Every structure is written in structure tokens, then in C-alpha cells.
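Residues per chain, in single letters:
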Amino acid sequence: FLKEAAAEEAKAALAIDPDNRGALSELNGAMGGFIPDWCVRNHYKLIEYLQDFVKKHPENRSAYMWLLDNLLDDRRFSEAEAAWEGLAKADDTYRTDFYRGLLMWYKGRTEEAHEIWDKLPEKYPEDWLVSLSLADVAVMEVRYDDAVSLYRQAMEHQQSPKFVDCLESTAMIYEIQGRNAEAVKALEEELELLANDWDTTEGETADRI
């Protein structure tokens, strides 16, 4: 909420002075925007910590996943290969295959990535997170209709209490597409889910929606 308030203040400053570079910078930071300066954007300190962490805790699947995410974002592919080997030893779920595909995808080997990903639904038919992960990939490839369909599949496969991530993502996609009425319906569905599955009808979580 503090970041949202900061963003609104930056917008107010820009309404007064559209040439205010400082306000534009603050707006970008408050809204999680892209940082063009590599010295600010890169994750080398976090990567260094996580690389040391997984040496001490090689069974920690989550640490390998965070390490891979940051290595891939920094395009440090040879180190990502080594991290994936560690994940493969620590994990026995769809995540190992998914990250293998993600590594191929970041390298630009998209056909190989999709060959891996296409096998996941049949290999892990009971895991709703497969549909969620593939939906996130579809969004990154700007395949919005495919993404919405996959998010719906993930919602259907989940057991209660269900998480709201798929509905939030669906609403965002519809808003990007200018399909505002459908975005509103997705948010209304999210409110209904919060009320029925989480007994949440007020407070920050509901108010934000």
C-alpha cells in the first residue's frame, strides 16, 4: 500500500509538471517498472547468497528455483545449467521439467522448450500448478487467449480452498486487452472465492479488489 501511495503521489507531481524526471523515476520504482541500469537491475548479490545456500542445503527445492529465476533473468546460462542439475536432484515434481523448458526458452530454443512443456499435462495430470505455470509462459509469449484458458483449467483442478492468482492474472489480461467488463467479472469471481473459501469479505485483501 505504501508503494501504491507513492505511485499516486508521483502521478500527482507529473500532473503538475510533466517534465519532472524525478517523479517519473519514482513512479517507475513504485510500480515495479523496468530498471535500465544493469548495475541496479542485476541480481548478483542474491545469486551469490543462493549459490552458497544450496551448497549447504542441497535438498532445498525452493532455493534452487529462486536461484534459477535470478540466473535466468541475468542470462547467466552456464550457471543456470548447474543450478538445474541441483534442482533435478532435489525435486521429483513437474518443476524440474518445467525449469528445463524455461532454460531452453531463455536461450531462444523455443521449440525444444515447448516439446518439454507439451508433455507436462499428461505426465502430471493431477497437478493444477502445471496449468498455472504453462499459463504464465503463454502470457510471456503474449498468447493471451491460451493463457486465460490455462488459468481456467488451473482453477478447475484446484481443491478448496483455492488460490486467487489465476483470477487476478485473468483480470489483468482482460484489462490489457481492453475487455473491461470481463475483467470486472473475473474480479467479482475473485471476491466470491475469497468469501467462500477464505471467509474474507473485508479488510485490505478484499478492499484492494
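Below is a summary of the structure that appears in this document. (Residues numbered from 1 in each chain as written. Predicted model: local features only at pLDDT ≥ 70, side-chain atom pairs only at ≥ 80, totals over all residues. Heavy atoms only, no water.)

As a further point, take the overall build of the chain. Tallying secondary structure elements over the chain gives 14 helices and zero strands in all. Projected onto its principal axes, the C-alpha positions of the chain cover 55 × 45 × 35 Å. Here the chain holds 209 residues, and the buried ones make up 34% of them. When the accessible surface of the chain is totalled, it reaches about 13,200 Å², and 52% of it is carbon and sulfur. Separation between the mean location of the 23 positive side-chain charges and that of the 44 negative ones in the chain comes to 7 Å. (Helix = DSSP H or I, 4+ residues; strand = E, 2+ residues; numbered from the N terminus. Buried < 20%, exposed > 50% of the residue type's maximum accessible area, 1.4 Å probe, protein only. Areas by Shrake-Rupley, 256 points an atom, 1.4 Å probe, with all protein chains shown as cover. Lys, Arg positive; Asp, Glu negative; His and termini not counted. Charge placed at Lys NZ, Arg CZ, Asp CG, Glu CD.)

In this structure, Phe-98, Tyr-99 and Trp-117 are the most contacted members of the largest nonpolar core, which totals 46 residues. In this structure, Phe-98 is in contact with Trp-117, Leu-120, Ser-133, Leu-134 and Val-137, ignoring residues within four places of it in sequence. Counting residues in hydrophobic clusters, the runner-up holds six residues, among them Ala-7, Ala-10, Leu-14 and Ala-23. (Core = buried A, V, L, I, M, F, W, Y, C linked by side-chain atoms within 4.5 Å. Contact = heavy atoms within 4.5 Å.)

Relative orientation of the contacting elements helix 12 (residues 165–176) and helix 13 (residues 180–198) amounts to 165°, with a least axis distance of 7 Å. Relative to helix 13, the element helix 12 lies roughly antiparallel. The chirality of how helix 12 crosses helix 13 is left-handed. In contact with Leu-167, Glu-168, Thr-170, Ala-171, Tyr-174 and Glu-175 of helix 12, helix 13 contributes Asn-180, Glu-182, Ala-183, Ala-186, Leu-187, Glu-189, Glu-190 and Leu-193. Residue composition of the contact of helix 12 with helix 13, by class: seven nonpolar, two polar and five charged. (Axes fitted to C-alpha atoms, helices over the stretch in contact; angles between N-to-C directions. Parallel < 35°, antiparallel > 145°, perpendicular 65-115°, else oblique. Left-handed = near helix turned anticlockwise from the far one by under 90°. Nonpolar A, V, L, I, M, F, W, Y, C, P; charged D, E, K, R; others polar.)

The subject of this paragraph is the packing of aromatic side chains. Aromatic rings in a pair are described by how distant their centres are and how their planes are angled relative to each other. Under the defined criterion, the tally for this structure stands at eight aromatic pairs. Seen in terms of ring centroids, Trp-105 and Tyr-106 are 5.4 Å apart; in terms of plane orientation they differ by 85°. Their pairing is edge-to-face. Through successive ring pairs, a cluster of aromatic residues spans Tyr-94, Phe-98, Tyr-99, Trp-117 and Tyr-124. In this structure, Arg-100 packs its charged tip against the face of Trp-84, placed 4.8 Å from the ring centre. (Phe/Tyr/Trp six-rings, centres within 6.5 Å; stacked < 30°, edge-to-face > 60°. Lys NZ or Arg CZ within 6 Å of the ring centre and 35° of its normal.)

Right, let's get into the side chain of Thr-93. On the secondary structure map, Thr-93 appears in the loop between helix 6 (77–90) and helix 7 (94–106). Taking relative accessible area as the criterion, Thr-93 reaches 17% and is therefore assigned buried. In this structure the side chain of Thr-93 is engaged in a polar contact, spanning 3.0 Å, whose partner is the side chain of Arg-95. Dropping the residues within four chain positions of it, Thr-93 is found in contact with Arg-61 and Tyr-124. (Polar contact = N/O pair within 3.5 Å; in protein donor to acceptor, adjacent residues only side chain to side chain.)

Using the criterion set out here, one finds 14 salt bridges in the structure. Its salt-bridge partner being Glu-8, residue Lys-11 comes within 3.3 Å of it at the nearest N-O pair. Of this pair, Lys-11 and Glu-8 both sit in helix 1 (residues 2–16), three residues apart, roughly one helical turn. Overall, Lys-11 belongs to the partly exposed group, its relative accessible area being 38%. Of the charged contacts in the structure, one is a salt bridge between Asp-145 and Arg-179, with a shortest N-O distance of 3.7 Å. Residue Asp-145 is located in helix 11 (residues 144–157), and its partner Arg-179 is located in the loop between helix 12 and helix 13; the two are separated by 34 residues in the primary sequence. Relative accessible area serves as the criterion here: at 52%, Asp-145 is assigned to the exposed category. If you follow the salt bridges from partner to partner, you end up with Glu-81, Arg-100 and Lys-107 in one network. (Salt bridge = Lys/Arg side-chain N within 4 Å of Asp/Glu carboxyl O.)

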